[in-house]
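The lines below spell out each chain.
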Amino acid sequence: VQLQASGGGLVQAGGSLRLSCATSRSTISNYALGWFRQAPGKEREFVAATRWIGGGSYVPDSLKDRFTISRDNAANTIYLQMINLGPEDTAVYYCAATRSIRSAWSYPSSYSYWGQGTQVTVSS
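Residues numbered from 1 in each chain as written. Predicted model: local features only at pLDDT ≥ 70, side-chain atom pairs only at ≥ 80, totals over all residues. Heavy atoms only, no water.

J.: What's the story with the side chain of arginine 37 in this structure? I'm lost.
T.: Of note, arginine 37 is situated in strand 4 (residues 32-38). A distance of 2.9 Å separates a polar atom in the side chain of arginine 37 from a polar atom in the side chain of tyrosine 93. Excluding residues within four positions of it along the chain, arginine 37 makes contact with Glu43, Arg44, Glu45, Val47, Leu63, Phe67, Glu88, Asp89, Ala91, Val92 and Tyr93. (Helix = DSSP H or I, 4+ residues; strand = E, 2+ residues; numbered from the N terminus. Polar contact = N/O pair within 3.5 Å; in protein donor to acceptor, adjacent residues only side chain to side chain. Contact = heavy atoms within 4.5 Å.)

And the structure:
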């Protein structure tokens with residue numbers, strides 16, 4: 001499974017960004033796809049995940065008012081829409097693929113495949 005994240009950049013506080021993660025077609029139907037982020041000196045943090053087939057997504061309560069995950073199966077792409085960004089959202093954002101059950105989606109160790117990451121920088 002190949003994953004290619006894009007859409008990061010520099011944005012002012014209060015702004016919005018939409019990240020994309022393009023996937024290869026092979027075997028993706030059995031996977032859930034997720035977003036993580038990692039700021040310098042911090043652990044990788046779960047942001048959101050969604051099943052590729054059949055629906056079902058999860059965004060932690062701390063982020064669900066500002067972050068939305070969606071997918072376009074025809075385009076083999078998932079998206080992370082982020083609004084009202086703040087400096088605390090500055091990080092490298094990664095997309096990843098897992099075959100784990102939903103209760104394990106928030107753990108980086110559950111993911112078998114990772115994209116290269118895209119930098120999001122929010123200026124105050």
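J.: Is there a simple way to think about the environment of valine 92 in this case?
T.: Relative to the elements of secondary structure, valine 92 occurs in strand 9 (residues 91-98). For the pair valine 92 and threonine 118, spaced 26 residues apart in sequence, the C-alpha to C-alpha distance is 5.4 Å. The contacts of valine 92, once residues within four sequence positions are left out, are Phe36, Arg37, Gln38, Gly117, Thr118 and Gln119.

J.: Just checking my understanding: could you explain the sheet that holds strand 7 (residues 67-72) for this structure?
T.: To summarise the sheet geometry, strands pair through backbone hydrogen bonds and adopt either a parallel or an antiparallel arrangement. Pairing is antiparallel in the open sheet, where four strands are placed in the order 1-3-8-7. Whereas interior strands pair on both sides, the edge strands pair on one side only; in this sheet they are strand 1 (3-6) and strand 7. Sheet twist, expressed as the mean angle between neighbouring strand axes with direction ignored, is 15°. Across six bridges, the pairing between strand 3 (residues 17-23) and strand 8 (residues 77-82) is antiparallel. (Pairing = 2+ DSSP bridges. Axes fitted to C-alpha atoms, helices over the stretch in contact; angles between N-to-C directions.)

J.: What is the right way to read unusual backbone geometry from this model?
T.: The phi angle of most residues is negative, glycine excepted, and most peptide bonds adopt the trans form. Its identity is not glycine, yet asparagine 76 carries a phi of approximately 55°, on the positive side. Structurally, asparagine 76 is set in the loop between strand 7 and strand 8. Judged by relative accessible area, which is 14%, asparagine 76 ranks as buried. Not every positive phi belongs to a glycine, and asparagine 84 is a case in point at roughly 50°. Its place among the elements puts asparagine 84 in the loop between strand 8 and strand 9. According to the relative accessible area criterion, asparagine 84 is partly exposed, its value standing at 48%. (Buried < 20%, exposed > 50% of the residue type's maximum accessible area, 1.4 Å probe, protein only.)

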